[in-house]
Amino acid sequence: MSQTNIQLIRGFKDILPGETELWQFIEKSAITLLEDFGFREIRVPIMEKTELFARSIGEDTDIVEKEMYTFADRKNDMLTLRPEATASICRAYIQHKMASQDPVRKFYTIGPMFRRERPQKGRYRQFYQIDAEIFGVASPYADVELIFLLRTLFDRLQVTDTTAHINSLGCPVCRPRFKAALADLLTAAAPTLCADCLRRKDRNPLRVLDCKVPGCRAAMANAPSILDYLCDDCRTHFDTVTDTLARLDVPFEIDKQLVRGLDYYTRTAFEIQTGALGAQSAVAGGGRYDGLVESLGGPPTPAIGFAIGFDRLAEIVAASNPDVANGPDLFIAALGDTARQKAFEWSTALGCEGIGVSMVYERKSLKAQMKQANRVGAGRVLIVGDSELEAGQAVLRNMADKTQQEIPIDALVQTIKRAMENG
Ligand code: AMP
């Protein structure tokens, strides 16, 4: 009977050693920056009651309509693998009554999200996000802080080909006026709209503005700008965001077509776009959601957040820094059973001292072991055989400059540690 190998699920992927070093590097850079700015880590489950996402993201969004991994568990509760993190963080903020101690909270979380989109380069069904949220701050400075942090992180990662696109989506006071103005145009344009936009036209008309289908784009080219319909408060908020970004030298573009796919946004919406990714140009997105916490049953709480597409960011960073992966600090080439036993003991002791060691546990020739040391990219090789053990000296070879030195076997761990510290 022939057996086929089991493959991973379409749209899912493995992140392998060789890539994970880069992911860790990005993750550390993000965590350092966010913690320096007072964000604290929160970890929320990857599964929630379906209702949480339906109520927060919005029934008429692409995500809720057709992209969620939803199933009935054994007791027929409807559960969903999270398509994004904001809803869960809001739930946690409300459930743990965080507002009653201090409504102002800054959170970050990093982890997998799930959306059943059509897979393609840069678009996966399990993808990762680096997510940051500020609760309890209505001031436009919070909006600027988040956009500034994205800019700073990308600078630190040497991702330069990016632009911050920003728009305002207004608020429940002014948005209906804009929707009414848009409705006339949509009715006139109906024959040229795609099937999705025909549905959106009545239920979620703003979404037609950022549809990528050429017919819809053409129909929306002369659409009114929501910025012309903002109420005074939204206008002042938006002007303060743009003025402050300019004062901080953060480059941005006002993009009146930017809408974003989630219903809960109010006022500032933003997206970091890059030319480095082909069709999937958004590497991060976010916005303000002043009504969401209250609509989920919490106290009125202004809030704003962003999500970075980790997979896409890793792709860009990999293209400019191909060599984040490092080999072990030391390879031990041991010849003979006694030397190999000693080498194994040293490798455990050196590992505890923070020195990465690699060796082969089987009997192999010196030549084969040196080949292996090269293959794994070890910085140094310690060579030890039975005669070296007898003489009380081993040979330490620097693989970069090919120099060798004899080192005493007594206190070997300390000697190697010193040699590593001295470069
Ligand atoms: P969103 O949660 O839709 O605002 O998306 C925020 C960021 O997550 C986007 O700018 C993308 O970089 C990334 N992202 C969203 N969906 C996917 C996906 N299916 N595959 C990979 N990255 C994604």
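Residues numbered from 1 in each chain as written. Predicted model: local features only at pLDDT ≥ 70, side-chain atom pairs only at ≥ 80, totals over all residues. Heavy atoms only, no water.

Bringing the pattern of salt bridges into the picture now. One pass over the structure, following the stated rule, counts 23 salt bridges. In this structure, Arg-43 engages Glu-41 in a salt bridge whose closest nitrogen and oxygen atoms are separated by 2.9 Å. The salt bridge partner of Asp-210 is Arg-207, with a shortest N-O separation of 2.7 Å. Accessibility classification places Asp-210 together with Arg-207 in one group, the buried group. (Salt bridge = Lys/Arg side-chain N within 4 Å of Asp/Glu carboxyl O. Buried < 20%, exposed > 50% of the residue type's maximum accessible area, 1.4 Å probe, protein only.)

With that settled, consider the domain arrangement of the protein chain. Domain annotation for the protein chain reports domain 1 (20-174 + 230-320) and domain 2 (330-416). Spacing between the C-alpha centres of domain 1 and domain 2 amounts to 49 Å. (Domains from an automatic or database assignment.)

Near the ligand there are 15 residues, and of these Arg-115, Glu-117, Tyr-124, Arg-260 and Ala-282 occur at the shortest range. Within the backbone of Ala-282, one N or O atom sits 2.8 Å away from an oxygen atom of the ligand. In the environment of the ligand, an oxygen atom lies 3.3 Å from a nitrogen or oxygen atom belonging to the backbone of Val-283. Protein burial of the ligand: of its 480 Å² of free accessible surface, 92% is covered by the chains. Counting only elements with at least two residues in the shell around the ligand, the list comes to strand 6 (126-135), strand 10 (282-288) and strand 11 (303-309). With four residues, strand 10 is the single largest residue contributor to the shell around the ligand. (Near = heavy atom within 4 Å. Polar contact = N/O pair within 3.5 Å; in protein donor to acceptor, adjacent residues only side chain to side chain. Areas by Shrake-Rupley, 256 points an atom, 1.4 Å probe, with all protein chains shown as cover. Helix = DSSP H or I, 4+ residues; strand = E, 2+ residues; numbered from the N terminus.)

Bringing the packing of aromatic side chains into the picture now. According to the stated counting rule, one finds 12 aromatic pairs in the structure shown. Taken together, a centroid distance of 5.5 Å and an interplanar angle of 75° make the contact between Phe-107 and Phe-135 edge-to-face. Residue Phe-107 is found in strand 5 (residues 105-114), and its partner Phe-135 is found in strand 6; the two are separated by 28 residues along the sequence. Accessibility assignment for this pair places Phe-107 and Phe-135 in one class, buried. Note on Phe-135 and Tyr-289: the rings are 6.3 Å apart at their centroids and 80° apart in plane angle, and the pair reads as edge-to-face. Note that Phe-135 is positioned in strand 6 and Tyr-289 in the loop between strand 10 and helix 11 (292-295), a separation of 154 residues in sequence. Exposure class is identical for Phe-135 and Tyr-289. Each is buried. The structure contains a cluster of three or more aromatic residues connected by ring pairs, namely Tyr-93, Phe-107, Phe-135, Tyr-264, Tyr-265 and Tyr-289. (Phe/Tyr/Trp six-rings, centres within 6.5 Å; stacked < 30°, edge-to-face > 60°.)

Strand pairing in a sheet is mediated by backbone hydrogen bonds. Such pairs are either parallel or antiparallel. The strand order across the open sheet formed by five strands is 13-12-14-15-16, and the pairing between neighbours is mixed. A strand with exactly one partner marks an edge of an open sheet, and here the two such strands are strand 13 (357-359) and strand 16 (404-408). Averaged over all pairs of adjacent strands, the angle between strand axes in this sheet comes to 25°, irrespective of strand direction. Across the sheet, helix 13 (residues 337-352) is in contact with strand 12 (330-335), strand 13 and strand 14 (380-385); its angle to strand 12 comes to roughly 160°. Lying on the sheet, helix 14 (residues 366-376) is in contact with strand 12, strand 13, strand 14 and strand 15 (393-398); it crosses strand 12 at an angle near 170°. (Pairing = 2+ DSSP bridges. Axes fitted to C-alpha atoms, helices over the stretch in contact; angles between N-to-C directions. Contact = heavy atoms within 4.5 Å.)

What follows concerns the sheet that holds strand 9 (residues 266-274). Taken together, the eight strands give an open sheet; going across it, the order is 1-5-6-11-10-9-7-8, and neighbouring strands pair in mixed fashion. The open sheet terminates on both sides in strands that have one partner only, identified here as strand 1 (40-41) and strand 8 (252-254). Note: strand 7 (residues 162-168) against strand 9, seven bridges, orientation antiparallel. Across the sheet, the residue bridging to Asn-167 is Ala-269, located in strand 9. Relative to strand 11, helix 12 (residues 310-320) is tilted by about 50°, and along the sheet it contacts strand 5, strand 6, strand 9, strand 10 and strand 11.

Attention shifts here to the nonpolar core. Among the nonpolar cores identified, the biggest contains 63 residues, and Ile-26, Phe-154, Ile-308 and Leu-313 are the most heavily contacted of them. Considering each element in turn, this core owes the most residues, eight residues, to helix 6 (residues 140-156). What Ile-26 contacts, discounting residues up to four positions off in sequence, is Ile-130, Leu-157, Phe-310, Leu-313, Ala-314 and Val-317. Listed in part, the 33 residues of the second largest apolar core include Val-44, Tyr-124, Leu-169 and Leu-292. (Core = buried A, V, L, I, M, F, W, Y, C linked by side-chain atoms within 4.5 Å.)

A large share of strand 11 lies buried, amounting to seven of its seven residues. Where burial is concerned, the two faces of strand 11 agree: the one with Ala-303, Gly-305, Ala-307 and Gly-309 and the one with Ile-304, Phe-306 and Ile-308 are both buried. In terms of strand pairing, strand 6 meets strand 11 through seven bridges, oriented antiparallel. Its bridge partner being in strand 11, Ala-132 is matched across the sheet by Phe-306. Two strands pair when backbone bridges link them, and strand 10 and strand 11 are joined in this way by five bridges, in the antiparallel orientation. Within the sheet, the bridge partner assigned to Gly-287 lies in strand 11 and is Gly-305.

So, on to the pairing of strand 12. Of all six residues that make up strand 12, five are buried, and the element is covered over most of its length. Summarising the sheet, strand 12 and strand 13 pair through three bridges and their orientation is parallel. Within the sheet, the bridge partner assigned to Leu-330 lies in strand 13 and is Val-357. Handedness of the strand 12-helix 13-strand 13 crossover: right-handed. Sheet topology note: the strand 12/strand 14 ladder contains six bridges and is parallel. Bridge pairing links Ala-333 to Ile-383 in strand 14. (Right-handed = clockwise from strand over helix to strand, strands pointing away.)

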